[in-house]
Amino acid sequence: MNSRLFVLKVLVAALLMTLLGRLVVLQIPDAAQYERAATDNRTRSVVEPAPRGEVVDARGTPLVRNRTALVVSVSRSQLLGQPDDGKAVLNRLSDVVGVPAAELARQIRPCGGAVTQPCWRGSPYQPVPVAQYSATDAAGLRRVLRIEEHREDFPGVSSQYAAVRDYPAGTLAAHVLGYLGPISNDETGTEQYAGVQPSALVGRSGVEATYDEALRGRDGVERLLVDRVGSVTGSRGTTPPVPGSTLVLTLDAKAQQVAERALRTAVEKARTTEARGGRGLLRADSGSIVVMEAKTGRLVALASYPSYDPTVFVGGASPAQYAQLVDEDRGAPLVFRAVQGAYAPASTFKVISAAAAVGSGDYPLGGRYECPSVYGPTGQKNFDSAALGTIDLRTALVKSCDTIFYRFAYEQWLRDGGNRPVDKPRDPMVTLAKAFGLGERTGVDLPSERRGTIADRGYLQRLYDQTKTARCKGSSPVDREYCVDGNRFRGGDATNFAIGQGDTLVTPLQLATVYAAVANGGALLEPHVGRAVVAPDGVVSEIAPRVRARVPVDPNLLGFLRDALAGVTQPGGTAAAAFAGSPVDVAGKTGTGEVAGKQDTSWFASFAPVADPTLVVIGMVSQGGTGGTVAAPMVREVYDGLLGPGGVLPGGRLPAELPGSVLR
Amino acid sequence: MTATTLREPRRDSPLLRLDLVLALAVLALIGLGSILVWSATRQRQLDAGLDPQAFLRRHVVNAAIGLVIAAGVALVDRRSLQAYAPLVYLGSCAGLVAVLSPLGKTINGAHSWIVLGAGFQVQPSEFAKVALVLGTAMLLAESRDGPPGTREISMVLALSAVPIALVLLQPDLGTVLVLVFVVLVVLSLAGAPGRWLGGLLVAGVVVCAGAVQLGVLDTYQLNRFAAFADPTLDPRGVGYTTNQARIAIGSGGLTGKGLFQGTQTNGRFIPEQQTDFVFTVAGEELGLVGASALLALLGVVLWRGLRIASRAGDPFGRLVAGGIVGWWAFQSFVNVGMTLGIMPVTGLPLPFVSYGGSAMLANLCAVGLLQSVHLRGRE
């Protein structure tokens, strides 16, 4: 039986060698990996949030600051560890904070999959803030005290002081400033949000978003040694937080006030005014004013109506609040019309049409042209069907004759081959519009800027490619016609383009850069609201003005345009009534955009002073009637408030130096 | 005994004729184990405001009692041993029954304890291992010539079935596997035909599968197997301990973090570290050097056991020694294997090293038996 004993010996040896082999593998080649795991195991990071940087205007007036608030948070994992999944605690908490328990339960669910708002976008292990009270809110503090005094009734609920955003100027410039929201799981750890803790607040809109990295600073971290149950056994060192930088805007709070007041007044006044053609009172649902330095692109004021109170986002906007902010019936106050609203530019576009007509060499600058009430080849009428006789180009702009521009566009369209286009059509007006930056973002330092639309040949083709399948199934004559050659750039498309009607859309900010180029002699600027970033150590990074391109328009032609636009506000011009007795010499162009199914868009695009333009002001009121009656008086009010007697921006120039209060 | 030995007792004292290598290796393992138990419990006792040496002291006392018993067992002659074997067997079965009675107590999910009062607890399943080795060896040693027949084998199976079934009812799967392995080794060494051994193996697998199917095993034991199959299954739950154990050993590296310096150990990341996971202390604090030294000591013990088996003077001695070696080898492999992540967690202590009085006494009893076989091997 010794053979059986031998087998046992071999077995014992084999078992021992197996253990030894595995031991060697774990402790020699894999040791480094396990050493890291052991280190991770016993260290926990405690984050000390960096105070977020302040935002001030060009004179140092604070627009966004931090204040201390008491935040009540709920730990979902702790609630789920309770026998009833924390229902009793949520019910008690509901009584204290005055939010239904079901609503609280929804707020603390992690987002993702089928779970939609309200839900928690941060780390599932992080307590979710459900209520917050200002440190000066006595009633709120009493509520928090009720929780703190009865800790045993609220396991999983905690309260702590936290810095939250504060808006000393109230709703002023709400769209420019933007708001904060928790970082999403997908964003955590990305390069853009390196070092941002899960569930931390990051800029979601306005300059809070574009300058998020500078504003947020760097959180401090203390590495604590802990044991299995999380008890702290020591510290491995602390990295102190680096506060966020201060952002100095180009915006002037006083000018912003002037613009916002002018916009609000104009909208309210329009709503008591009859619309053209007896279509009832004007709705004036929304509007925008852009005030920009004509030579630098620095934005002095950016008003958007309707506006909202940015404090609704402090501590997180409720789903109902958010729904109201984007509700079209309430005017979607969250939409920043100046950069996110695109509208047909109407007659304000004629500066480009005129420059293209003359610049193409087809029509002499000194020529005289017939302005009939109807343009024969297309049957399109003048605004209000007026016939102005034979006039020069300046008068055509001053009085805003449409039929002259119809003719220019139609004839140029014919030269390009008409319905049988030549290989490389010149399309002088389209080409120049693109050279003025239309159809492209201006590059402003604000998020979600719209491109607008240029309704050129390519646009019609793209539209046709997208819709022909559906349209060709339609049975109406219009559909059948479109199915055949809806991609064709027709004479009517060319004439509509010339007067800024049809599918061509621009943002008020785009129009500001167009008029600035006219005013400053041809520089197409990149507009910006950021003036400088001042780091906590005093290092200043200035944001320099930038010229995107020079528009291909002869300086003499630009001079002619400035002179013509100056006539618009003079007797005989379309904005003469609005600027009667104006203390400021303003050049501008009215526009009345026809929108299918809606009332007219009222425009006034301008610059001043005429002699040496320093400011560009664009005014727009959606469903606001004619440009001369609503937008022009609104823009005049802005000039009066800025450049008129007692104006807040005499000379039309922002301070050359950074405010002393931000320099340490 | 001869007249010579009576006249010169000093030179022929049984103490001097012991297998000294085995004795020294066992003492070294106990010494090393004591240090590891101390390290595993020192910090958590301190954190709890308790005596940091409490576990060490009890461990050393257990070992001392065990060594006295071992010496006694070593000196018992073969006839007395065979006379006592049925008593040992019946006693351990009675203990296992008592565990299932209201006297029994559940500790760490296993219902395998009897509380004797004054904080004194006994785990009869540990003694069942000794009893089964003795009992089966005795039965099979009776058939003097040739391999055991169907009758002997049936008797052995019947005899083994009782304690195995009782342990299965606790349920303590790890001990059941040890007992089954011991029976297989003893039968094999007795020369049982290969078809019997093969059949028994198949039967064992069927019984295990049946136990799983019938729900005899608790879910926690099944979960341990599931976590073994896929350690990433639940890093916070079932797989947690094995994961932490591997981190502890792996992070020890070649020379370890130093005695009492283990971060995994002092941070209490491994539950029940002084018992089933004591090997992780060696791995983390003493590194590959210390842990492989521990394995080497186990190897010496097993080698001496096998040596005693092959030099045994009679079949009974050979079967007893072989059974004991099978027991320790299997249990050591499963215990260390689970800390290294190559075996499932079954809750078996490491012989001579893990904290636990019953196991220590049973193991040292077995050492006594080996020495007894050794002493009589040359008679």
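Residues numbered from 1 in each chain as written. Chains lettered and ligands numbered in written order. Predicted model: local features only at pLDDT ≥ 70, side-chain atom pairs only at ≥ 80, totals over all residues.

**A look at the overall build of chain B**
When helices and strands are tallied, chain B shows 15 helices and three strands. Buried positions account for 52% of the 379 residues belonging to chain B. (Helix = DSSP H or I, 4+ residues; strand = E, 2+ residues; numbered from the N terminus. Buried ≥ 20, exposed ≤ 12 C-beta atoms within 10 Å, placed from the backbone.)

**Description of the overall build of chain A**
Counting secondary structure elements, chain A contains 22 helices and 23 strands. Looking at chain A as a whole, 46% of its 664 residues qualify as buried. When contacts within chain A are restricted to residue pairs at least 6 apart in sequence, those whose partners lie at least 24 apart make up 71%. (Contact = placed C-beta atoms within 7 Å.)

**Brief notes about the interface of chain A and chain B**
Across the contact, 28 residues belong to chain A and 37 residues belong to chain B. Breaking the side of chain A that touches chain B down by element, the ones donating at least two residues are α1 (2-27) and α2 (31-42) of chain A. In terms of residues, the side of chain A that touches chain B owes the most to one element, α1(A), which gives 15 residues. Counted by class, the side of chain A that touches chain B contains 16 nonpolar, four polar and eight charged residues. (Nonpolar A, V, L, I, M, F, W, Y, C, P; charged D, E, K, R; others polar.)

**With respect to the environment of A:Ala632**
Residues and elements named next belong to chain A. In this structure, Ala 632 sits in helix α22 (residues 627-643). Residue Ala 632 is classed as buried on the basis of its C-beta count, with 31 C-beta atoms lying within 10 Å. In this structure the C-alpha to C-alpha distance between Ala 632 and Ala 577, which are 55 residues apart in sequence, comes to 8.9 Å. In contact with Ala 632, other than residues within four places in its own chain, are Ala 575, Ala 578, Phe 579, Thr 590, Phe 604 and Gly 627.

**Considering the confidence of the model for chain A**
When pLDDT is low, close inspection of the predicted coordinates is not appropriate. Confidence along chain A averages 90 in pLDDT terms, with 97% of residues attaining 70 or more. When the elements of chain A are averaged for pLDDT, strand β1 (residues 43-48) of chain A gives the smallest value, 74, and helix α20 (residues 508-520) of chain A the largest, 98. (pLDDT = per-residue confidence, 0-100.)

**Some remarks on the sheet that holds strand β12 (residues 299-305) of chain A**
All names here are of chain A. As summarised here, the arrangement of the five strands in space is β12-β11-β23-β22-β21, forming an open sheet in which the pairing is antiparallel. Since the sheet does not close on itself, it has two edges, and those belong to β12 and β21 (587-593), each with one partner. The sheet shows a mean angle of 5° between the axes of neighbouring strands, direction not considered. Of the strands in this sheet, β11 (286-293), β22 (601-608) and β23 (615-622) touch α20, which is tilted by about 145° from β23. (Pairing = 2+ DSSP bridges. Axes fitted to C-alpha atoms, helices over the stretch in contact; angles between N-to-C directions.)

**Quick notes on helix α8 (residues 173-189) of chain B**
Taking 1.5 Å as the rise per residue, α8(B) with 17 residues should run 24 Å; its terminal C-alpha atoms sit 24 Å apart, in good agreement. Where burial is concerned, most of α8(B) is hidden: 15 out of the 17 residues are buried. (Expected span 1.5 Å × (residues − 1).)

**What to know about the nonpolar core**
A general trend in soluble globular proteins is that nonpolar side chains are found buried together. Of all hydrophobic cores here, the largest spans 140 residues; its most connected members are A:Ile289, A:Val291, A:Tyr515 and A:Val616. When residues no more than four places from it in sequence are discounted, the contact partners of A:Tyr515 are A:Ala605, A:Ser606, A:Phe607, A:Val616 and A:Ile618. Listed in part, the 122 residues of the second largest apolar core include A:Ala38, B:Leu134, B:Leu319 and B:Phe333. (Core = buried A, V, L, I, M, F, W, Y, C linked by C-beta atoms within 7 Å.)

**Quick look at the environment of A:Gly206**
Residues and elements named next belong to chain A. Among the structural elements, Gly 206 can be located in helix α8 (residues 206-210). Taking the number of C-beta atoms within 10 Å as the measure of exposure, Gly 206 has 26 and is therefore buried. When sequence neighbours within four positions are dropped, the list of residues in contact with Gly 206 reads His 175, Val 176, Leu 177, Gly 178 and Leu 446.

**Overview of the sheet that holds strand β9 (residues 232-239) of chain A**
Residue and element names in this part refer to chain A. Within the open sheet, the three strands sit side by side as β1-β8-β9. Their pairing is antiparallel. Each edge of the open sheet carries a strand with a single partner, namely β1 and β9. Each neighbouring strand pair of the sheet contributes to a mean axis angle of 25°, computed without reference to strand direction. Alignment of β1 against strand β8 (residues 220-226), held across six bridges, turns out to be antiparallel. When the bridges of β8 are listed, Arg 44 appears paired with Leu 224.

**Notes on the environment of A:Asp445**
All names here are of chain A. Along the chain, the position of Asp 445 falls in the loop between α16 (428-435) and α17 (457-473). Sequence separation between Asp 445 and Tyr 211 is 234 residues, and the spatial gap between their C-alpha atoms is 8.3 Å. In this structure Asp 445 touches Thr 210, His 528, Val 529 and Gly 530, once residues within four positions along its chain are discounted.

**Some words on helix α7 (residues 150-169) of chain B**
Residue and element names in this part refer to chain B. Between its first and last C-alpha atoms α7 spans 28 Å; for 20 residues at 1.5 Å apiece the expected length is 28 Å, and the two agree. At Ala 161, α7 shows its largest bend, some 30°, and a proline, Pro 163, comes one to four positions later. Looking at α7, one finds that the buried residues are Ile 153, Val 156, Leu 159, Ser 160, Pro 163, Ile 164, Leu 166 and Val 167. (Bend = angle between axes of the 7 residues up to and from the residue.)

**Regarding the pairing of β22(A)**
Residue and element names in this part refer to chain A. Where burial is concerned, most of β22 is hidden: eight out of the eight residues are buried. Burial of the side chains of β22 extends over both faces: Thr 601, Trp 603, Ala 605 and Phe 607 are buried on one face and Ser 602, Phe 604, Ser 606 and Ala 608 on the other. Pairing of β21 with β22, which is carried by seven bridges, proceeds in the antiparallel orientation. Residue pairing in the sheet places Ala 587 in a bridge with Phe 607 of β22. Inspection of the sheet shows β22 paired to β23 by seven bridges, in the antiparallel sense. Pairing of Ala 605 across the sheet is with Ile 618, part of β23. The antiparallel pairing of β22 with β23 creates a hairpin that spans six residues between the two strands.

**Things to note about the confidence of the model for chain B**
All names here are of chain B. The pLDDT averaged across chain B works out to 85; a share of 87% of its residues lies at or above 70. The secondary-structure element of chain B with the lowest mean pLDDT is helix α1 (residues 3-7), recorded at 44, while helix α13 (residues 278-310) shows the highest, at 96. Low pLDDT, under 50, characterises residues 1-9; the stretch is placed with two contacts to residues that sit more than four places away or in other chains. Among the scores for the predicted complex, ipTM is 0.91 and pTM is 0.68.

**Some words on unusual backbone geometry**
Cis geometry is found at the peptide bond from A:Tyr305 to A:Pro306, where omega equals -5°. Within the secondary structure, A:Pro306 is located in the loop between β12 and α11 (319-325). At the junction of A:Ala608 and A:Pro609, the peptide bond is cis and its omega measures out at -15° in the coordinates. Following the sequence through the fold, A:Pro609 ends up in the loop between β22 and β23. Located in the positive-phi region is A:Ala284, a residue other than glycine, with phi close to 45°. With respect to the secondary-structure elements, A:Ala284 resides in the loop between α10 (253-270) and β11. Take A:Ala284: there are 25 C-beta atoms within 10 Å of it, and that puts it in the buried class. Positioned with a positive phi, B:Arg268 is a non-glycine residue whose angle comes to about 60°. Within the element layout of this structure, B:Arg268 appears in the loop between α12 (263-266) and α13. By the C-beta count within 10 Å, which is 18 here, B:Arg268 ends up partly exposed.

**Looking at the packing of helix α6 (residues 124-142) of chain B against α8(B)**
Residue and element names in this part refer to chain B. Two elements in contact, α6 and α8, have axes separated by 10 Å at closest approach and are oriented at 20°. By the angle between their directions, the pair α6 and α8 is classed as roughly parallel. Taken as a pair, α6 and α8 cross one another with a handedness that is right-handed. Mapping the contact onto sequence places Ser 125, Ala 128, Lys 129, Leu 132, Val 133, Thr 136, Ala 137 and Leu 140 in α6 and Thr 175, Val 178, Leu 179, Val 182, Val 183 and Val 186 in α8. (Parallel < 35°, antiparallel > 145°, perpendicular 65-115°, else oblique. Left-handed = near helix turned anticlockwise from the far one by under 90°.)

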